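This is what each chain is made of:
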Number of protein chains: 2
Amino acid sequence: MPDRDRARFINSLSGFKSANLIATQNADGNSNVAIFSSVVHLGASPALVGFVMRPDNNDRHTLDNIINTSEYTINQVSADFYQQAHQTSARYTKHQSEFEATGLSTHFIDPIKAPFVKESVLKYAVELKQIIPIPLNNTQFIIGEIKLVVCAHDAIQEDGYIDIEQLHTTSISGLDSYHTSQRLSRLSYAKPKKNSRKLSVNGEPL
Amino acid sequence: MPDRDRARFINSLSGFKSANLIATQNADGNSNVAIFSSVVHLGASPALVGFVMRPDNNDRHTLDNIINTSEYTINQVSADFYQQAHQTSARYTKHQSEFEATGLSTHFIDPIKAPFVKESVLKYAVELKQIIPIPLNNTQFIIGEIKLVVCAHDAIQEDGYIDIEQLHTTSISGLDSYHTSQRLSRLSYAKPKKNSRKLSVNGEPL
């Protein structure tokens, strides 16, 4: 397979991927934002989140800023700005802000120095904890701790679950396909001797 | 927040997660299968995929088998067996096969020793490459190389993209919510000076 086709094929194998914008700011106050499909939950206590950084010049500004400031924000991409979010993957120069270039807006929340993406309705500030090199393919796994969450209150259910479908959060398949979701069901905690039950979005038995 | 509510809340923050069954076999020929929502694409060349193993007795059989045999399969969960897939997360004993307990079926493909999940329509064999400990929360990041892919041929587009929406692949939000998808669009490769265009599922401009 040609390289690009192979990339599309292999990128399809892991299943649906999260769609998130990671935003940073350098010491001079210049903002940077880039889309990532590799953000992954690592643990709830402490609240840790990871993502994969490729050995690619384009993402390099994001990593430089994270290393220099230890701070970044992760912003879920919803359906009403997925095209602008995708556009952040273009190879802009270090001196171009992807915010300006794509028409996305910064939003600052004291005392976090990194910008949030104003258009995102579920977003949080993260503090860098560890960078793990993966020599197998020269990528790095970036781990941070979640510090401050901004989310529409009515999306948060009584049992803690956030209805990200109601927020029109998108997912990605392959390199470039964006999707909204349609809930099949929530399911009760699985136990060996009985089948789990379907639950409504607020966690009540159906 | 109570621990379980906190877990649901923090698990919702990363966005939609992939839904995959990881299947293994031990030296005695006993099969094991467990659902994971942390499978993440790491790179196309070599074709690498990672997932997070929690310090949890339940997943331990999967990890033991991977360490002992260096072989596992990853099987996308589709809508028609998501309840059985969820049920694999119950705490079965080492001597119970989750295949038997949940009604899923094994499928063996020579020369791969690990079982595939028969019900899955997109699945692949993986060879263990590296286990990276993450001391921050006592998890491990398991990295393997994709060796053999089984997929319905008509889901594979000419440009390599696999239409996993057509395959009814599910995604997970939070700890327990399962979703199918609805495509917004594929988008063309982003370039700095022009906005990306919407593409059809086969990669042609719309």
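Residues numbered from 1 in each chain as written. Chains lettered and ligands numbered in written order. Predicted model: local features only at pLDDT ≥ 70, side-chain atom pairs only at ≥ 80, totals over all residues. Heavy atoms only, no water.

Moving on: the relation of the copies chain A and chain B. The two copies are related by a screw operation: chain A maps onto chain B through 180° of rotation and 0.0 Å of translation along the axis, at an RMSD of 0.0 Å. The operation mapping one copy onto its partner corresponds to a two-fold rotation axis. Residue Ser181(A) of chain A places its C-alpha closer to the rotation axis than any other residue of that unit, at 2.2 Å. The share of interface residues of chain A whose copies in chain B are also at the interface is 100%, consistent with both copies meeting through the same surface. (Least-squares fit on C-alpha atoms with pLDDT ≥ 70 in both. Contact = heavy atoms within 4.5 Å.)

Taken in spatial order, the 7 strands line up as 3-2-6-9-10-5-4 (chain A) in an open sheet, and their pairing is antiparallel. The sheet is open, and its two edges are formed by strand 3 (31-36) and strand 4 (40-44) of chain A, each paired on a single side. Adjacent strand axes in the sheet meet at a mean angle of 30°, parallel and antiparallel pairs treated alike. Those strands touched by helix 1 (residues 3-13) of chain B are strand 4, strand 5 (47-53), strand 6 (71-76), strand 9 (122-134) and strand 10 (139-151) of chain A, and its axis lies near 160° from that of strand 4 of chain A. (Pairing = 2+ DSSP bridges. Helix = DSSP H or I, 4+ residues; strand = E, 2+ residues; numbered from the N terminus. Axes fitted to C-alpha atoms, helices over the stretch in contact; angles between N-to-C directions.)

Here we come to the pattern of salt bridges. Any two side chains of opposite charge can pair, on the condition that their charged atoms come close. Per the stated rule, a full pass over the model turns up 18 salt bridges over all chains. In this structure, Asp176(B) and Arg186(A) form a salt bridge, with 2.8 Å as the shortest nitrogen-oxygen distance. One end of the pair, Asp176(B), is in the loop between strand 11 (171-173) and strand 12 (177-187); the other, Arg186(A), is in strand 12 (residues 177-187), on a second chain. For the residue pair Asp176(B) and Arg186(A), the accessibility class agrees, reading buried in each case. The salt bridge involving Arg8(B) is made with Asp5(B); its shortest N-O contact spans 3.0 Å. Here Arg8(B) pairs with Asp5(B), and both are found in helix 1, just 3 residues apart, close to one helical turn. In this structure, Arg8(B) and Asp5(B) share a single accessibility class: buried. One network of salt bridges, with partners in common, ties together Asp5(A), Arg8(A), Asp176(A), Asp159(B) and Arg186(B). (Salt bridge = Lys/Arg side-chain N within 4 Å of Asp/Glu carboxyl O. Buried < 20%, exposed > 50% of the residue type's maximum accessible area, 1.4 Å probe, protein only.)

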